[in-house]
Amino acid sequence: MTVTSARIGDAVSVINAEGGMGAYGRVYVAFNLEYDATRAGGKVYGQGRGFAEDCYTCGKFTGYWQMTDGVITMSHVVQLADGTQNLDVVTFRPLSKGLNVSAYILK
């Protein structure tokens, strides 16, 4: 995925991204990153929408993020509208605007 915008805030920063995600089609997602006391991690939550030729998918997620050596890693559980659940591990490298999503089916 590619980051399309970022809004840096005092309590919450928002990262928007889009990209092709296989069976989910073109996916648009917003990551809301709340800061903990260290300001190098905290809670992440958001929503995504996927559009394919023959289907539409939506989901919400919540989890945690941390930044190490300038790389942000987010781990969260996604609850999809059809009842399935994924564990996503997302790695964001701000220098490249690239966002890598590893999805693991839970249910």
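Residues numbered from 1 in each chain as written. Predicted model: local features only at pLDDT ≥ 70, side-chain atom pairs only at ≥ 80, totals over all residues. Heavy atoms only, no water.

### Some points on the overall build of the chain
Note the following rule: In DSSP terms, a helix is any run of H or I states spanning at least four residues, a strand is any run of E spanning at least two, and both are numbered starting from the N terminus. What the globule rule says is 2.2 Å times the number of residues to the power 0.38, and the radius of gyration is computed from C-alpha atoms. Buried residues are those whose accessible area, probed at 1.4 Å on protein chains only, stays under 20% of the maximum for their type, while exposed residues exceed 50% and partly exposed ones sit between those limits.
The number of helices and strands found in the chain is zero helices and eight strands. Mapped from its N terminus to its C terminus, the chain presents α and β elements in the order β-β-β-β-β-β-β-β. Relative to a compact globule of 107 residues, whose C-alpha radius of gyration would be 13 Å, the chain shows 13 Å and is just as compact. Its C-alpha atoms give the chain principal-axis dimensions of about 45 × 25 × 20 Å. With 107 residues in all, the chain has 34% of them scored as buried.

### Considerations on the environment of Tyr45
This is how it is decided: Whether two residues are in contact is decided by their heavy atoms: any pair within 4.5 Å suffices.
Within the secondary structure, Tyr45 is located in strand E4 (residues 41-51). With 17 residues separating them in the primary sequence, Tyr45 and Thr62 have C-alpha atoms 4.1 Å apart. What Tyr45 contacts, discounting residues up to four positions off in sequence, is Val12, Ala30, Phe31, Asn32, Glu34, Phe61 and Thr62.

### Description of the pattern of salt bridges
What counts, and what does not: We define a salt bridge as a side-chain nitrogen of Lys or Arg found within 4 Å of a carboxyl oxygen belonging to Asp or Glu.
Counted by the stated rule, this structure contains one salt bridge. Between Glu18 and Arg26 there is a salt bridge, with the nearest N and O atoms lying 3.3 Å from each other. By relative accessible area, which is 27% here, Glu18 ends up partly exposed.

### Section: the side chain of Ser13
What counts here: Pairs of N or O atoms within 3.5 Å make up the polar contacts considered here, provided that, within protein, one atom can donate a hydrogen while the other can accept it, and that residues adjacent in sequence are counted only when both atoms are side-chain atoms.
Along the polypeptide, Ser13 turns up in strand E2 (residues 12-20). Within polar-contact distance, the side chain of Ser13 engages the backbone nitrogen of Gly9 at 3.2 Å. A polar contact of 2.5 Å, which involves the side chain of Ser13, links it to the side chain of Tyr35. Sequence-distant contacts of Ser13, that is, excluding residues within four places in its chain, are made with Arg7, Ile8, Phe31, Asn32, Leu33 and Tyr35.

### Brief notes about the pairing of strand E3 (residues 26-34)
A regular strand carries its side chains on alternate faces of the sheet. What counts is decided by this rule: Strands pair, by our definition, only if DSSP identifies at least two bridges between them.
Summarising the sheet, E2 and E3 pair through nine bridges and their orientation is antiparallel. Within E3, the residue paired with Gly20 across the bridge is Arg26. Pairing of E3 with E4, which is carried by eight bridges, proceeds in the antiparallel orientation. From the neighbouring strand, Val27 faces E4, where its bridge partner is Gly50. Linking two consecutive strands that pair antiparallel, namely E3 and E4, is a turn of six residues; a positive phi of about 65° is found at Arg39 within it.

### A closer look at unusual backbone geometry
Residue Arg39 is not a glycine yet carries a positive backbone phi of 65°. Within the secondary structure, Arg39 sits in the loop between E3 and E4. Taking the relative accessible area as the measure of exposure, Arg39 reaches 43% and is therefore partly exposed.

### Regarding the environment of Gly46
Within the fold, Gly46 resides in strand E4. Along the chain, Gly46 and Trp65 lie 19 residues apart, while their C-alpha atoms are 12 Å from each other. Here Gly46 is in contact with Ala30, Asn32, Gly59, Lys60 and Phe61, once residues within four sequence places are set aside.

Remember, this is a structural readout, not a statement about activity or role.
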